[in-house]
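Each chain, written out:
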Amino acid sequence: MYEVAVDAPIPTTLSYAEPAGLTRELPPGVIVLAPLAGRQVTGYILGAAHPPPSDGSAFQVRPLLDVLSAEPFFPPSLIPFYRWIAQYYHYPLGEVIRTALPLAPGARSGRRVVLTARGKAGFESVEKLGPEPWPWLEQLREKGELSPAITRRIWRSSQEQRTLLDLEKEGLLSIVPELLSSGGKAKTEEVVQANGHFGRLLAQACALESEELLPLLDAQAATPLKKSELKLLTLFCSLAHENETAEVPRAQLRQAYANYGPALKGLLGRGFLSIRHKAVYRDPFAGIERQPTAAHTLTARQEEVLAPIREAISARTFSPFLLFGITGSGKTEVYLQALAQVLAQEQTALLLVPEIALAAQLETDLRARFGEQVAVLHSALSDGERVDQWQQVLQGRARIVLGARSAVFAPLSNLGLIIVDEEHESSYKQEDGLPYHGRDLAVLRARQEQCPVLLGSATPALTSYHHATSGKYRLLQLPERVSAHPLPQVQVVDMKAEALPREHRLFSSALLSAMRQNLEQGRQTLLYLNRRGFASFMQCQDCGHVLECRHCHVSLTLHRSRNQLLCHYCGYHQHPDTVCPSCGSSQVTGRGLGTERIEEEMAMLFPTARIARVDSDSSRNRRHLLRLLQAMQQQEIDILVGTQMIAKGLHFPQVTLVGVLWADAGLSLPDFRAGERVFAQLTQVTGRAGRGEDPGRVIVQTYQPDHYAIRLAQAQDYAGLFAEEMALRRQLGYPPFSRLVNVRLSGLHEREVEQAAANVAVFARNSDTKGAVAVLGPAPAPLSKIKDRLRRQVLLKSADTRSLHGLCDSLVQQKAKLCPRSVSMQIDVDPETML
C-alpha cells in the first residue's frame, strides 16, 4: 500500500494499493494514474502508507490504475521539501509536486463537448438556452466542439455547467469523457544494429574491402545474399566505421540509399540486423562554442569574502550568507570559485538567477569553466530540452544547475551549495498557481540539505539586509569594483524643466548630446525603459477613451512589430486599425512609450548607428538572445535598448553611457515596496556603465527628481535607503516588522466575488487570534479584472507567525462555506506585489 499525493485540490495524501498485475515495488518518485471520486488523476508515490486501522472500521483501499513513469522522476530527498512548501503556502501537496515537475508525465480525466447532428441543425434554439449568451456558444457553433481545456473552464461555473447538462438532455450535444495526457516526451530514433554472431562477423568484415565481403558473408548465409543486401551491408559497415559505433541511425541509411527498404527487410529476416529505439539527447548547448577559461586571480576583498564560504562548504553545514557587493565588484567570480570547490568535494550545486537574459550570459561562463557538468533549467528551453536536462541532473550526469526560480526544484542529490544571484528581484516570486518565492525556498532547501546558501546582490532586499544586520544571515561585503575604477557619475535631469521640440520630447538634450559624443568615440550606449511595446495605451483623440482588453481591466499595448494591440496579462489581441468603442471615432492613436518606439526613434536620430533591442518580445528565442549578447560583447552594437532584462548582472566593458528614460515609472504603483524597487532598478542599471577601462556616465530622466528613491540612487546610498524605508515600515507595521498574507478572491460574477470577500473578512475578524492579526479590506485588487475574472482581496498582517498561519489554515478548511464553487480563493503568503 502506497502513500500518494494526487494532483487535485485536496489537503491530504491518500492510500492506494498496487496496480493489478504489478510485479515490483514502486519506489518514491514514481508517477502513477490514480482513481479519485469518479475520475482519474495523476499521483506521486511518496512511500509506503500507514496500515489501515485495526478497529474493524471499514477502510477500502482502491488500487492504482497505471504507472506513468517507469523510473522515479524526483529523488526521495525532495519529499520533505514538498511537504514543507504545502504547509507554509497552504497549498495541496499534489499540486505542489505538479508545480515542481511541470514536464513530468501526467494524465487526468477530461471532457470534450461535441455538437450532435440535431444540435447542428437547430443551433438557433441552442443559443436561446441558458441565462445569458455564453461566449463559448459561438465557438461551439463554428467548430462543432469544445476542447477539454475550454470545457474544464466552463465546468467551474455552476450556471454554465448546468447549461451544458441541459443541452445534453435535449440531445443537442454530447459530453464525451476523455483521458488527457501531459508532460514532455523523451525523443527517440530508430537505429539499425548488427546481431550476435553476425555482429561479430560484420565487425570483422568492416575492415575488409567490399570485394572480399561477399564470399565471407555468403558463406555464413543460408541462401546467397542479394546484391541490394550486400550493398546495404557494405554501407552499414562504412557508416558504422565513420560513426565509431556498432549501430547506424535508420534515417542515415535512408539518406544514403533511397531504396534500402527491401534489402533491410531481407537482412532483418536473415537475422543479420535488428532495429531498436534509442533515446536522443536534445542538447541546448549544441552549436554554441565557448573556449575553456581558467579561474581568475581574486582581489584581497574577494579572497576575504570567499574564505568563510569555503569553510562552510568544507564543513557541509547550513550557513546563510548575504553577499552585498556593488556592481562590478566581482561577485560572479566568487560564485565560480565556490562552485569549483563544491565539485572538488564531489557534490552538486544550484545557481538561481532572476532573468533568462542573465542565465544566458552565465551559462556561457559556467560552461567555459565547468564544461558538460552544467545543466540549465528555464522556460527559454524547448520542452524536449528541459526534459532531457532534468534527466541529466536526475541521473547525476550534470552536477551544476543554472536556472530561474523553478530550478529550485531541480532533482540534485548531495547538494553542497546554493547561490541566489540578484536575490532582491521580485521575479523570484511566482504569482500564478503556487505563489512560492524562489529565494526563500532556496534558503529552506539549503537548511534541509545542510549546505551553505549564498544570496548575492548590489541592492539587497531590505528584508534580507535586515536579517543580516540582526544576525540571521552572515553579511559579506564587496564595497569596491574589481578594476578599482570608480562608479559612474549619475546626472538627474528634471524633465519638467526641459524645453524640447516635439520630435525629441522622449530624450533630454543632455542625453542626446552625450549619445552623439559616445558614438563619435566608438563607445556603446545602453538605454533603459521598463515598458515593452511601441505605445503603452491607445486613446481616442475625440472623447479621450482608452482602449481596454475585453477580458481584463487593463489598457491594450500597441506592438507595431506584430501589428497588434496586445494585452500583457491574458494575451488577447486585435488589429490596431480600430474605432473608438465609446464614440465611434476613427481617431484612435498610440500614447505613452515602449522599447519598440525608443528603438525606432533612435534609428531616426542616429541613422548610421547599429541598434538592437532586448525585451521579452525580441528575445523569446534563447539562441537569438545568446547571439545578441555576444554581438554586444564584440562591439557589433552601438546602442542597446532594453527593459529590466538588461538592467542587472550583464557585463559589457565598452558601455560607457546609460540612459534611464523614465526613472519614476514605478513610483505611482500602489505598493509599499515601490520606492525600494525603483532604487534597485536605478542602481542596477547604473552599474552597467564604466565596467571597462573608460569611465562611465549615467543620465536619469525623471519628473520627480526630489523623490528619496531617485535622490539616493543617484548617490548610490543603500544605507540611506535602508534607514528611510525601515523608519516608514516600522511606523506602518510592514515587513520586515510583520508578515503579510494576501487572500485573493476571483470569479466571473461580481456579486459572488464581493460576497465571498466580505465573508472572508468577517470570518478573519471574528477568528480567535486575540487581536494578533490585523485584517485590511475587503477591497478591489488594483488590477480588478484579469482573464474575465473579477478580483477582490483581503490583506492579513501580523507579527505573530503562528496566529497568521493558523488563521490561513482555518480559511482553507472553511473555504466551502465562505466561497461558492465558482469563486476561487488564493492564499498568497509573503506577497511581493499587491496588484
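On a predicted model such as this, the values are computed, not experimentally measured, just so you know. (Residues numbered from 1 in each chain as written. Predicted model: local features only at pLDDT ≥ 70, side-chain atom pairs only at ≥ 80, totals over all residues. Heavy atoms only, no water.)

Chemist: Hey, could you go over the packing of helix H15 (residues 356-370) against helix H21 (residues 622-633) for me, with residue numbers and the actual values?
Modeler: Two elements in contact, H15 and H21, have axes separated by 10 Å at closest approach and are oriented at 70 degrees. Comparing their axes, H21 and H15 come out roughly perpendicular. The crossing of H15 and H21 is right-handed. Touching Ile356, Ala357, Ala360, Gln361, Glu363 and Thr364 of H15 are Arg622, Leu625, Leu626, Leu629 and Gln633, all from H21. Residue composition of the contact of H15 with H21, grouped by class: 6 nonpolar, 3 polar and 2 charged. (Axes fitted to C-alpha atoms, helices over the stretch in contact; angles between N-to-C directions. Helix = DSSP H or I, 4+ residues; strand = E, 2+ residues; numbered from the N terminus. Parallel < 35°, antiparallel > 145°, perpendicular 65-115°, else oblique. Left-handed = near helix turned anticlockwise from the far one by under 90°. Contact = heavy atoms within 4.5 Å. Nonpolar A, V, L, I, M, F, W, Y, C, P; charged D, E, K, R; others polar.)

Chemist: Summarise empty space enclosed by the protein; cite the residues concerned and give the values.
Modeler: Enumeration over the complete set of coordinates arrives at 3 cavities of 30 Å³ or more. Roughly 160 Å³ of internal volume is contained in the largest cavity. Taken together, 13 residues form the lining of the largest cavity, with Pro102, Leu103, Leu377, Arg386 and Trp390 sitting closest to its centre. Sorting elements by how many residues they give to the lining of the largest cavity places helix H16 (residues 383-394) first, with 3 residues. The residue makeup of the lining of the largest cavity, split by class, is 10 nonpolar, 2 polar and 1 charged. (1 Å grid on protein atoms, 1.4 Å probe; cavity = no way out; pocket = protein on both sides within 12 Å on 5 of 7 lines; lining within 4 Å. Points joined across faces, edges and corners; volume = space filled by probe spheres on them.)

Chemist: So, a positive patch on the surface: which residues are in play, and what are the values?
Modeler: Judged by side-chain charge, Arg39, Arg111, Arg152, Arg153 and Arg156 come together as a positively charged surface patch. Its place among the elements puts arginine 111 in strand E6 (residues 106-115). Among the residues examined, arginine 111 registers a relative accessible area of 35% and is labelled partly exposed. (Patch = residues over 30% accessible without salt bridge, like charges linked within 9 Å, V, L, I, M, F, W, Y side chains within 5 Å. Areas by Shrake-Rupley, 256 points an atom, 1.4 Å probe, with all protein chains shown as cover. Salt bridge = Lys/Arg side-chain N within 4 Å of Asp/Glu carboxyl O. Lys, Arg positive; Asp, Glu negative; His and termini not counted. Charge placed at Lys NZ, Arg CZ, Asp CG, Glu CD. Buried < 20%, exposed > 50% of the residue type's maximum accessible area, 1.4 Å probe, protein only.)

Chemist: Please provide a residue-by-residue account of the pattern of salt bridges, values included.
Modeler: Tallied over the entire structure, the rule returns 29 salt bridges. A salt bridge links arginine 613 to glutamate 599; the shortest N-O distance between them is 2.8 Å. Of this pair, arginine 613 sits in strand E26 (residues 611-614) while glutamate 599 sits in helix H20 (residues 595-605), placing them 14 residues apart in sequence. A residue is classified by how much of its surface remains accessible, and arginine 613, at 12% relative accessible area, is buried. According to the relative accessible area criterion, glutamate 599 is partly exposed, its value standing at 24%.

Chemist: Hey, could you go over the side chain of glutamate 422 for me, with residue numbers and the actual values?
Modeler: Structurally, the position occupied by glutamate 422 is in the loop between strand E16 (415-421) and helix H17 (438-449). Notably, glutamate 422 is buried but unbridged: the nearest opposite-charge side chain belongs to arginine 688, and the N-O separation is 5.3 Å. Leave out the neighbours within four places in its chain, and glutamate 422 touches Pro354, Leu358, Tyr428, Gly456, Ser457, Lys648, Gly649 and Gln684.

Chemist: Describe the layout of surface pockets, and please don't skip the residues or the numbers.
Modeler: Approximately 1,200 Å³ is the volume attributed to the second largest pocket. As for the second largest pocket, its lining consists of 48 residues, of which Thr332, Gln361, Asp365, Gln633 and His651 are closest to the centre. Among the secondary structure elements, those contributing two or more residues to the lining of the second largest pocket are helix H14 (331-344), H15 and H21. Among the elements that line the lining of the second largest pocket, the one with the most residues is H15, at 8 residues. Residue classes in the lining of the second largest pocket are distributed as 13 nonpolar, 21 polar and 14 charged.

Chemist: Just give me the short version of the pairing of strand E31 (residues 774-786), but keep the residues and values in it.
Modeler: The pairing of E31 with strand E32 (residues 789-798) spans 7 bridges and is antiparallel. When the sheet's bridge partners are listed, alanine 774 is paired in E32 with lysine 797. (Pairing = 2+ DSSP bridges.)

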